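# Examination of the molecular architecture
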Amino acid sequence: MTQPRFSIVAPAYNEEQVLPEFYRRLQEVMDKLGEPWEMVLVNDGSRDRTPQVMRTLHAQDPRVCIVDFARNFGHQIAVTAGLDHARGAAMVTIDADLQDPPEVIPELIARWKEGYQVVYGVRAEREGETWFKLFTAKLFYRLIGALTDVDIPLEAGDFRLLDREVVQELRRMREHRRFLRGMTSWVGYRQVGVPYLRHARFAGETKYPLRKMVRLALDGITGFSDLPLKLASSAGFVLLGLGLLVGLILLGLRIAGSMPLAGQGLAVTVALLLCGTQLVFLGIIGEYLARIYDEVRGRPLYTVQELVGFDEQDEPSQNATTSEEKCYGSES
Ligand code: UDP
Ligand code: MG
């Protein structure tokens, strides 16, 4: 296969209903550009027929390559694996559920040709999302903005074009708790946003339940800010000061001879309050500790069961797993 100029990188978890349409829409858009392209589909340990559907697509069109994970590793890792294996000069990461319209890709490419190395989609509007998702998303973007040191653009998801140079930098960042939005902001380079309309899912349901959204938010915050850790000491000092003050007042009242108000209720309330505060901060420390533990174990980011459609002579991926040995070349 000739070196593709563009790579489309899409993670998929249980997307059997969506993939054929995804391929059709993308192929239509990409073929119009008249330059060689490839599609890197990452099967993130799907439990439905997603891997079979991917292989059918590959059989029809050898430009479709597959990274088949040995289990589910989550969206951010799946996108990472796709970027590790993609070979284009520009790579576009896009969800497989057609929420990000493929028709916007030529616009991203146009900005890339103007010299921008990161062109990220900005959700100008969102269709078919619950008010709860919109509200929590907004809250999340504000929180991230307020807490982190890097400038993460508001309302930018994981639909973006990355120049190979930027991807090479990202490949060097092997942190486990990944927040790609933050990481792409962190690397710098010339960046620009392109507004687009985020559609409703083509089929199936969201694979991002609240639990995973909270996880991503925590990874984003802990990965790019140590403010929460510092918060503990500030709060500690405030509480300590307060405690001293109350102690002094009680002592003063005692000396003056009047019995201080010593209701049991008050004591219990104060105890609970302090206990709660301490546990919250212990939890925050735990979050960071878990991150450190994750990193020091030094495990690979993902394990690959099979690679389909990547030739042996291709650029080696940066992933530290044994995936290369397991690379199965195909007829392409
Ligand atoms: N996805 C994945 N692994 C997961 C969860 C999701 O690869 O563990 C993929 C999913 O197939 C989709 C993309 O990530 O292509 C975004 O997920 P989803 O549409 O469910 O999230 P939402 O758009 O609702 O935030
Ligand atoms: Mg989606």
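The rules behind each value
Residues numbered from 1 in each chain as written. Chains lettered and ligands numbered in written order. Predicted model: local features only at pLDDT ≥ 70, side-chain atom pairs only at ≥ 80, totals over all residues. Heavy atoms only, no water. Salt bridge = Lys/Arg side-chain N within 4 Å of Asp/Glu carboxyl O. Helix = DSSP H or I, 4+ residues; strand = E, 2+ residues; numbered from the N terminus. Near = heavy atom within 4 Å. Polar contact = N/O pair within 3.5 Å; in protein donor to acceptor, adjacent residues only side chain to side chain. Nonpolar A, V, L, I, M, F, W, Y, C, P; charged D, E, K, R; others polar. Core = buried A, V, L, I, M, F, W, Y, C linked by side-chain atoms within 4.5 Å. Buried < 20%, exposed > 50% of the residue type's maximum accessible area, 1.4 Å probe, protein only. Contact = heavy atoms within 4.5 Å. Phe/Tyr/Trp six-rings, centres within 6.5 Å; stacked < 30°, edge-to-face > 60°. Lys NZ or Arg CZ within 6 Å of the ring centre and 35° of its normal. Pairing = 2+ DSSP bridges. Arc of directions from axis to C-beta. Donors = N, O, S within 2.8 Å, 3.2 Å for Na, K, Ca; no water. Patch = residues over 30% accessible without salt bridge, like charges linked within 9 Å, V, L, I, M, F, W, Y side chains within 5 Å. Areas by Shrake-Rupley, 256 points an atom, 1.4 Å probe, with all protein chains shown as cover. 1 Å grid on protein atoms, 1.4 Å probe; cavity = no way out; pocket = protein on both sides within 12 Å on 5 of 7 lines; lining within 4 Å. Points joined across faces, edges and corners; volume = space filled by probe spheres on them.

## Focus: the pattern of salt bridges
- By the definition in use, this model includes 23 salt bridges.
- For the salt bridge of glutamate 28 with arginine 24, the shortest nitrogen-to-oxygen distance reads 3.1 Å. Pair noted here: glutamate 28 and arginine 24 are both in helix H1 (residues 19-33), with a separation of four residues, about one helical turn.
- The salt bridge involving glutamate 169 is made with arginine 172; its shortest N-O contact spans 2.8 Å. Of the two residues, glutamate 169 and arginine 172 are both situated in helix H6 (residues 164-172); the distance of three residues between them amounts to about one turn of the helix.

## Observations concerning the site of ligand 1
- Taken together, 19 residues are adjacent to ligand 1, and Glu15, Asp97, Gln99, Thr206 and Lys207 come closest.
- A distance of 2.6 Å separates a nitrogen atom of ligand 1 from a polar atom in the side chain of aspartate 44.
- Take histidine 75: an N or O atom from its main chain is 3.5 Å from a nitrogen atom of ligand 1.
- For the shell around ligand 1, a count of residues per class yields five nonpolar, five polar and nine charged.

## Quick notes on the nonpolar core
- If you look at the biggest cluster of nonpolar residues, it comprises 41 residues, and the most contacted ones within it are Val67, Phe69, Leu83, Leu162, Leu170, Phe179 and Tyr302.
- Residue contributions to this core peak at five residues, all from helix H3 (residues 75-85).
- If sequence neighbours within four positions are ignored, leucine 83 has contacts with Val9, Met91, Thr93, Leu162, Val167, Leu170 and Arg171.
- Judged by nonpolar contacts, the second largest core, of 38 residues, contains Trp37, Leu57, Ile105 and Val119.

## A look at the packing of aromatic side chains
- On inspection of all chains with the given rule, the structure shows six aromatic pairs.
- Geometrically, the ring pair formed by phenylalanine 69 and phenylalanine 73 is edge-to-face, given 5.3 Å between the ring centres and 85° between the ring planes. As far as the burial class goes, phenylalanine 69 and phenylalanine 73 line up, both buried.
- A centroid spacing of 6.1 Å and a plane angle of 90° characterise the contact between tryptophan 131 and phenylalanine 132, whose relative ring orientation is edge-to-face.
- You can call tryptophan 131 exposed: its relative accessible area is 67%.
- Through a chain of ring-to-ring contacts, three or more aromatic side chains come together here, namely Phe69, Phe73 and Tyr302.
- Stacked on the ring of phenylalanine 73, the Lys or Arg arginine 71 has its end atom at 3.9 Å from the ring centre.
- Its guanidinium or amino end placed over the ring of tyrosine 293, arginine 297 lies 4.2 Å from that ring's centre, counting from NZ or CZ.

## Some details on the pairing of strand E4 (residues 90-93)
- Taking every second residue as pointing to the same face, both faces of E4 are buried, with Ala90 and Val92 on one and Met91 and Thr93 on the other.
- Sheet analysis places strand E1 (residues 6-12) next to E4, joined by four bridges and oriented parallel. Note that in E4 the partner of isoleucine 8 across the bridge is valine 92.
- Relative to strand E6 (residues 156-163), E4 runs antiparallel, the two being bridged by four bridges. The residue of E6 that forms the bridge with alanine 90 is aspartate 163.

## A closer look at helix H2 (residues 50-60)
- Where H2 is concerned, the buried positions are Thr50, Pro51, Val53, Met54, Leu57 and His58. Buried residues of H2, seen end-on, are gathered within an arc of 160° and therefore sit on one face of the element. Facing away from the buried side of H2 by over 90 degrees, the exposed positions are Ala59 and Gln60.
- Packed against the buried residues of H2 are E1, H1, strand E2 (37-43), strand E3 (64-69) and strand E8 (304-308).

## Description of the coordination of the magnesium ion (ligand 2)
- Coordination of the magnesium ion (ligand 2) by the protein comes from Asp97 (OD) and Gln99 (OE1), over a distance range of 1.9 Å. Each member of the pair, aspartate 97 as well as glutamine 99, is classed as buried.

## Some remarks on unusual backbone geometry
- With phi around 65°, leucine 98 is a residue other than glycine that occupies positive phi space.
- Structurally, leucine 98 is set in the loop between E4 and helix H4 (105-113).
- Even without being a glycine, tyrosine 189 presents a positive backbone phi close to 70°.
- Note on placement: tyrosine 189 falls in the loop between helix H7 (180-187) and strand E7 (191-198).
- Residue classification places tyrosine 189 among the partly exposed positions, given a relative accessible area of 32%.

## Description of a nonpolar patch on the surface
- The grouping of Trp131, Phe132, Phe135, Leu139, Leu210 and Val214 at the surface amounts to a nonpolar patch, some 670 Å² of accessible area in total.
- Among the secondary structure elements, those contributing two or more residues to the nonpolar patch are helix H5 (131-147) and helix H8 (210-224).
- Broken down by element, the nonpolar patch gets its largest block of residues, four residues, from H5.
- With respect to the element layout, tryptophan 131 can be found in helix H5.

## Structural notes on empty space enclosed by the protein
- Counted by the stated rule, this structure contains two cavities of 30 Å³ or more.
- Put simply, the largest cavity is a space of about 50 Å³.
- If you go around the largest cavity, the residues you meet are Val118, Tyr120, Ile152, Pro153, Ala156, Arg160, Arg181, Thr184, Ser185 and Gln191.
- At the level of elements, strand E5 (118-126), E6 and H7 are the ones that each hand at least two residues to the lining of the largest cavity.
- Considering each element in turn, the lining of the largest cavity owes the most residues, three residues, to H7.
- Split into classes, the residues belonging to the lining of the largest cavity amount to five nonpolar, three polar and two charged.
- Within this model, the second largest cavity holds a volume of roughly 40 Å³.
- Around the second largest cavity sit Thr80, Leu83, Asp84, Val167, Leu170, Arg171, Arg178 and Leu180, which together line it.
- Broken down by secondary-structure element, the contributors of at least two residues to the lining of the second largest cavity are H3 and H6.

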